[in-house]
Amino acid sequence: MEKSFVHPYMPNSVPEIRRQLLDELGVEDVKEIYGSIIPDELLFKERLNLPEPIRSEYELKKHVTGILNKNVSTEEYASFLGAGCYKHQVPAVCDEINTRGEFLTAYCGDTYSDHGKMQAIFEYTSMMGELLDADVVSYTTYDAGQSVCSAFRMAVRIQSSSEESSVENGDADKEQDKGRTVILVPDTMNPEIYSQAVSYCRNVSEIIKVGHDERGLMALEELEERLKEGNAAAVFYENPSYLGFFETQAEKIAELAHQYGAVCIAQPQVSALGIMESPMNLGADIVCGDIQPLGMHMQYGGGQAGFIASHQKLEYMEQFPTYMYGIAKTDKADTYGWGRAMNYRCSHGSREKANEYFGTETGLWGITAGVYLASMGPQGMYELGETIIQNLKYLTVRLNGIEGVRANPLGGSNFQEVLVDFSATGKSVTEINKALLECRIFGGKDVSGEFPWLGQCALYCVSELTTQDEMDALADALRRIVTEERDVDLQAGKRDAADSEPQAAKEV
């Protein structure tokens, strides 16, 4: 970059100011700074292949808008995509509240300066506690992946603290249990979160997959064999699973985990909790997941936040990595205040001694979820789950009426998402999804690469917003796609057969 260049969006890029900054640092050129900390063999000495900057704000806006206009949204096409990010009805009050200036950044100040925002987050955690039947719900994490990873690390810390306490108290048997660092997970687990957990927890634990039975459920015999090894810090399961089916063995999984001294961690789908029992009441010690379905629009890279919850046990509460907001009495009668509780655990209390590092970037979504839960209430959450179940059943029946297409190949009950097997059609999920796009439909997520044992399967998702017309249009489009392919193959087969007949037979 020329030294005389003044960047329109970069402060202090005027040559005179640049010179003052360099003089203050005692260097002739900024390259001296880079060269002092980056080895020469790693320095890129050429010009980056980047376009020239657009200096006009109007032209820049026009350029970016042109790029964004190439996108096709779920408002224009019918969508059957899910797998972690879902299209739900967002009450207008959610957007009204979360765009107010006092909430928009959701960045909380110190305990003496930001009571309104802290109360809003406290109310969110209270309603989440009611939804989950949990005593303790912490501040939001980045997303479900972050909450699962942190729950895993919590379990390892809980086990470590328990072992240290036992050794100090002279419990020789407990001392033999040292080294509980393994996390047992189902092999049907969300592959993106699994990958994230392996990386996030690699310095403290090992993530080991447990196989499944013919229904896709966690194989309990294999789970018990793993637990008998005595090194499991925790057992994790999803309910509903990533593949859509309900894990009907939840109580048995928790029972086995506790029998062998492991923590039980569950990830529920929050939009299902209006119609299903909370994992907390089925034996889970820690519950974690995503709150995106609670009043957040689908966004690319944003609009998601996670939660972690548990019963009110001090040994668990001390290992939460994120902020906790509590209520406290004041000197005034019937007047309460809000603030962070047990602050020493988190990065706000101590950067060096914190359980993990967290910021406050997702607080806006915690407030939004609180508004959503307040507007829905228990009856609204029940009707939400009921409608999704009904829509999924309708879609499953319609798709199973198409020759060669098999919906819900694993059987059992599903919520929101269902596997659809196209193996018998002779077409790949990629080909089918490409054809569906021409019909203005986003097909299901291709899981054939992530779970090869399922064959050519896709994960189809519905919500309370999915209409009967959209499901009928999908079924009709799939029937045409499959039938047209077979017609083409049939015609080609007839031509090949005709070409292979003897010349004499043709003449006759």
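Residues numbered from 1 in each chain as written. Predicted model: local features only at pLDDT ≥ 70, side-chain atom pairs only at ≥ 80, totals over all residues. Heavy atoms only, no water.

(A) Geometry of the packing of aromatic side chains. With the rule as written, the count across this model stands at 11 aromatic pairs. Summarising the aromatic geometry, the rings of Phe-246 and Phe-415 are spaced 6.3 Å apart at their centres and angled 55° between planes, so their arrangement reads as tilted. You can see Phe-246 sitting in the loop between strand 5 (232-239) and helix 11 (250-259) and its partner Phe-415 sitting in the loop between strand 11 (406-407) and strand 12 (417-421), a full 169 residues away along the chain. Using a relative accessible area of 17% as the deciding quantity, one classes Phe-246 as buried. Look at Phe-415 and you get buried, because its relative accessible area is 2%. Here the aromatic cluster, defined as three or more aromatic residues joined through ring pairs, consists of Phe-80, Phe-422 and Tyr-460. Directly above the aromatic system of Tyr-194 lies the positively charged group of Lys-209, at a separation of 4.3 Å from the ring centroid. Of note, Arg-340 hangs over the ring of Tyr-323, and the distance from its end group to the ring centre comes to 4.3 Å. (Phe/Tyr/Trp six-rings, centres within 6.5 Å; stacked < 30°, edge-to-face > 60°. Helix = DSSP H or I, 4+ residues; strand = E, 2+ residues; numbered from the N terminus. Buried < 20%, exposed > 50% of the residue type's maximum accessible area, 1.4 Å probe, protein only. Lys NZ or Arg CZ within 6 Å of the ring centre and 35° of its normal.)

(B) Representation of the sheet that holds strand 14 (residues 445-446). Strand order in the open sheet formed by four strands is 11-12-15-14, and the pairing between neighbours is antiparallel. The open sheet has two free edges, formed respectively by strand 11 and strand 14, since each of these has just one partner strand. As paired elements, strand 11 and strand 12 share two bridges and run antiparallel to each other. Bridging across to strand 12, Ala-407 finds its partner in Val-420. Those strands touched by helix 14 (residues 429-437) are strand 14 and strand 15 (457-461), and its axis lies near 40° from that of strand 15. (Pairing = 2+ DSSP bridges. Contact = heavy atoms within 4.5 Å. Axes fitted to C-alpha atoms, helices over the stretch in contact; angles between N-to-C directions.)

(C) Inspection of the sheet that holds strand 5 at higher detail. Pairing within the open sheet is mixed, and its seven strands lie in the order 2-8-7-6-5-3-4. In the strand order of this sheet, the two ends are held by strand 2 (136-137) and strand 4 (206-210), each with one partner.

(D) A look at the side chain of Asp-285. By the element assignment, Asp-285 lies in the loop between strand 6 (263-268) and strand 7 (286-290). Polar contacts involving the side chain of Asp-285 include one to the side chain of His-258, which spans 2.7 Å. Contact partners of Asp-285, with chain neighbours within four places excluded, come to His-258, Ala-262, Val-263, Cys-264, Met-280, Ala-309, Ser-310, His-311, Lys-313 and Tyr-316. (Polar contact = N/O pair within 3.5 Å; in protein donor to acceptor, adjacent residues only side chain to side chain.)

(E) Structural context of empty space enclosed by the protein. All chains considered together, the criterion is met by one cavity of 30 Å³ or more. If you add up the space inside the largest cavity, you get close to 70 Å³. If you go around the largest cavity, you meet 14 residues; those closest to its centre are Pro-186, Thr-188, Gly-216, Met-218 and Glu-247. For the lining of the largest cavity, the per-class residue count stands at six nonpolar, five polar and three charged. (1 Å grid on protein atoms, 1.4 Å probe; cavity = no way out; pocket = protein on both sides within 12 Å on 5 of 7 lines; lining within 4 Å. Points joined across faces, edges and corners; volume = space filled by probe spheres on them. Nonpolar A, V, L, I, M, F, W, Y, C, P; charged D, E, K, R; others polar.)

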